[in-house]
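# Overview (structure and organization)
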Amino acid sequence: MSKTILDLSECTKYYSKMYKLCDSKHFSQLCAEIEEMLLKWSTAQNHYSEICKKNLAEFFTYPSNHISALKRLESEKLYHQQLFEKFSSQLEKKKDKAFKAREVTKWDLSTDDLKRHEELLNDKTAAFKVMFPRDNHELTNLQNNYYFLANYCYSEIRRTNRSEMLRTRQNFVEFCEKN
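All of the points below concern the structure found in this document. The written sequence of each chain sets the order in which its residues are numbered from 1. Where totals are concerned, whole chains, interfaces and linings use all residues; where local detail is concerned, this predicted model gives features only for residues with pLDDT of at least 70, and gives and counts side-chain atom pairs only at 80 or more. Just so you know, side-chain values use all the structure's heavy atoms and leave hydrogens and water out.

In this section: the environment of His-117. Positionally, His-117 belongs in helix H4 (residues 117–122). Throughout this description, buried means an accessible area under 20% of the type-specific maximum (1.4 Å probe, protein chains only), exposed means over 50%, and partly exposed covers the range between. Note on His-117: relative accessible area 28%, which makes it partly exposed. Put simply, DSSP marks the helices as runs of H or I at least four residues long and the strands as runs of E at least two long, and each gets a number from the N terminus on.

What follows is the structure in structure tokens.
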């Protein structure tokens, strides 16, 4: 934009010379004033451009570093979500297959649960709760890891966005006060 204004200034300089040659003093003076105004405007635009180049690069560096860290955190959360969902579906299939086979001895039941095996064979929901306790424990651990990361990711994104919003506001106020 500054270059365009500078070019306009050159045009008015040309017209000013033309009107001087035609002995039109008023138009010549008007063109000289327009040229001077355009030169000042071009200089001011160059000044604003330099301020923006200096401040905007710094302004966007910090947030881009935060965004890359948040992306890594989000990918870690997605990885744990996939682990949890995959293990959950595999365990569900394993339990369903074992329940249909009706071989209570292969369910890794505790002694108390083995005593009530007849009841468990008739109640699928109750059987699924006590079947394969080590796998259930592993599933709970995977679920807790996923939930922790999901909650942490959410809170970090909120904290970072709030911090960035406040920092951006402060930078804008300072930038406006300088100019």
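Before going further, it helps to spend a moment on the packing of aromatic side chains. The criterion for an aromatic pair is that two Phe, Tyr or Trp rings (for Trp, the six-membered ring) have centres within 6.5 Å, with stacked assigned to planes under 30 degrees apart, edge-to-face to planes over 60 apart and tilted to the rest. All told, the structure shown has 6 aromatic pairs when counted by the stated rule. Centre to centre, the rings of Phe-148 and Tyr-152 are 6.0 Å apart; their planes meet at 5 degrees, and the pair counts as stacked. A residue pair is termed a helical-turn pair when its members lie 3 or 4 positions apart in one helix, as Phe-148 and Tyr-152 do in helix H6 (residues 133–178) at 4 residues. Here the aromatic residues Phe-84, Tyr-146 and Tyr-147 are joined through ring pairs into a cluster of three or more. Placement of a positive charge over a ring is assigned whenever Lys NZ or Arg CZ falls within 6 Å of the ring centre and within 35 degrees of the normal to the ring plane. Over the ring of Phe-132 we find Lys-94, and its NZ or CZ is 4.4 Å from the ring centre.

Let us now look at the side chain of Lys-77. Mapping Lys-77 onto the fold places it in helix H2 (residues 25–101). Any two residues having at least one pair of non-hydrogen atoms within 4.5 Å are treated as being in contact. Other than its neighbours up to four places away in sequence, Lys-77 contacts Tyr-146, Leu-149, Ala-150 and Cys-153.

A carboxyl oxygen of Asp or Glu within 4 Å of a side-chain nitrogen of Lys or Arg is what we treat as a salt bridge. What the rule picks out here adds up to 9 salt bridges. Its salt-bridge partner being Glu-74, residue Lys-77 comes within 3.3 Å of it at the nearest N-O pair. Note that Lys-77 and Glu-74 are positioned in helix H2 at a spacing of 3 residues, about one turn of the helix. The exposure class of Lys-77 is buried, given its relative accessible area of 15%. For Glu-74, a relative accessible area of 26% corresponds to the partly exposed category. For Asp-108, the salt bridge is made with Arg-134, and the minimal N-O distance between the two is 3.9 Å. With Asp-108 in the loop between H2 and helix H3 (111–115) and Arg-134 in helix H6, this pair connects stretches of sequence that are 26 residues apart. Exposure remark for Asp-108: the relative accessible area of 37% places this residue in the partly exposed category. Look at Arg-134 and you get exposed, because its relative accessible area is 65%.

So, on to H6. Expected span of a helix, by definition, is 1.5 Å for each gap between consecutive residues, and there is one gap fewer than residues. A rise of 1.5 Å per residue sets the reference length of H6, with its 46 residues, at 68 Å; its end C-alpha atoms lie 67 Å apart and thus fit the reference within 8%. Restricting attention to buried positions, one finds in H6 the residues Asp-135, Asn-136, Leu-139, Leu-142, Tyr-146, Leu-149, Cys-153, Glu-156, Thr-160 and Glu-164.

None of this, on its own, says anything about what the molecule does.
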